[in-house]
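# Reading the structure
Listed below are the residues making up each chain.
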Amino acid sequence: MVSLNKIYTCTGDDGSTGLVGGARVKKASLKVSAYGDVDELNAHMGACRTLAMTATDMTVHDILVRVQNELFDIGAELATPVSAHWSGMLKAGPQHVAQLENWIDSLNASLPTLASFILPGGSPLNANLHIARTVCRRAERSILALHEYETVSAEILKYMNRLSDLLFVMARSVIISEGLPEYLWAPGDSRPKTR
């Protein structure tokens, strides 16, 4: 278990940070960018979870709690040197990806078929889920950039790809359950004229 007694250590004042196990790398490294973007995503997920606490259906809230914990596990895996392995090490696995797919299928089953792209927004929770979705895509790109230089678990790559899909479907599910309209993209000349 993690024990955090002292919050500042001054060890990062030189622009470096410690990985799991103690090795030091530059804060601007691809590795730190990757798990930093996952951490930022987790913060956005926390905002979504907070908004979901007021919903009558706690399904979204409960999913977000689990995903937040899994994102911490993924961040720890990314913050560990590739050569480091130990008994009980937390790792993303196929069961995590399968669970995301199950949630996507379950939520999507009751949604109307899409005939256009959706404009994010309509309610605070919907808008925040879309923000989390785009941050998830950025985190996925950061992890893929890291993967160009060192091996990243295929399960992490799959997980991040499915998570953005889950957030999209979840945003749709939320807006519909709130009884609010989805705003569809009106391309080019089909847009309503404004003054």
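Per chain, residue numbering runs from 1 following the sequence as it is written. Per-residue local features are limited, in this predicted model, to residues with pLDDT of at least 70; the limit for side-chain atom pairs, both in listing and counting, is 80 or more; totals at the level of whole chains, interfaces and linings are taken over all residues. Neither water nor hydrogens contribute to the side-chain values; these are computed over all heavy atoms in the structure.

## Re the confidence of the model for the chain
Detail in the predicted coordinates should be disregarded across regions flagged by low pLDDT. Convention followed: pLDDT measures the predictor's confidence residue by residue and takes values from 0 up to 100. Here a helix means four or more residues in a row that DSSP labels H or I, a strand means two or more in a row labelled E, and each is numbered from the N terminus.
Averaged over every residue, the pLDDT of the chain is 86; residues scoring 70 or more account for 79%. Across the chain, the secondary-structure element scoring lowest on mean pLDDT is strand 1 (residues 16–18), at 54, and the one scoring highest is helix 4 (residues 124–147), at 97.

## What to know about the pattern of salt bridges
Formally: In what follows, salt bridge is the name for a side-chain nitrogen of Lys or Arg lying within 4 Å of a carboxyl oxygen of Asp or Glu.
Applying the stated criterion to the full structure yields 10 salt bridges. A salt bridge links R162 to E101; the shortest N-O distance between them is 2.7 Å. One end of the pair, R162, is in helix 5 (residues 154–177); the other, E101, is in helix 3 (residues 94–108), and 61 residues separate them in sequence. The network of salt bridges with shared partners includes D37, E40 and R138.

## A look at the packing of helix 2 (residues 59–78) against helix 3
For the record, the criterion: A fitted line through C-alpha atoms serves as each axis, taken over the contacting stretch for helices, and the angle formed by two N-to-C directions is quoted from 0 to 180°. With respect to orientation, any angle under 35 degrees is reported as roughly parallel, any angle over 145 as roughly antiparallel, any angle of 65 to 115 as roughly perpendicular, and every other angle as oblique. Should the near helix be turned anticlockwise from the far one by less than a right angle, the crossing is left-handed, and should it be turned clockwise, the crossing is right-handed. Contact between two residues is taken to exist if any of their heavy atoms lie within 4.5 Å; hydrogens are not considered. The nonpolar class holds Ala, Val, Leu, Ile, Met, Phe, Trp, Tyr, Cys and Pro. Asp, Glu, Lys and Arg form the charged class, and all remaining residues, Gly among them, are polar.
Look at helix 2 against helix 3: their axes get within 12 Å of each other, and the N-to-C directions meet at 155 degrees. As summarised for this structure, helix 2 and helix 3 are arranged roughly antiparallel, according to the angle between their axes. You can see that helix 2 and helix 3 cross each other, and the crossing is left-handed. Facing helix 2, whose interface residues are I63, R66, V67 and E70, helix 3 presents H96, Q99, L100 and W103. For the contact of helix 2 with helix 3, the per-class residue count stands at four nonpolar, two polar and two charged.

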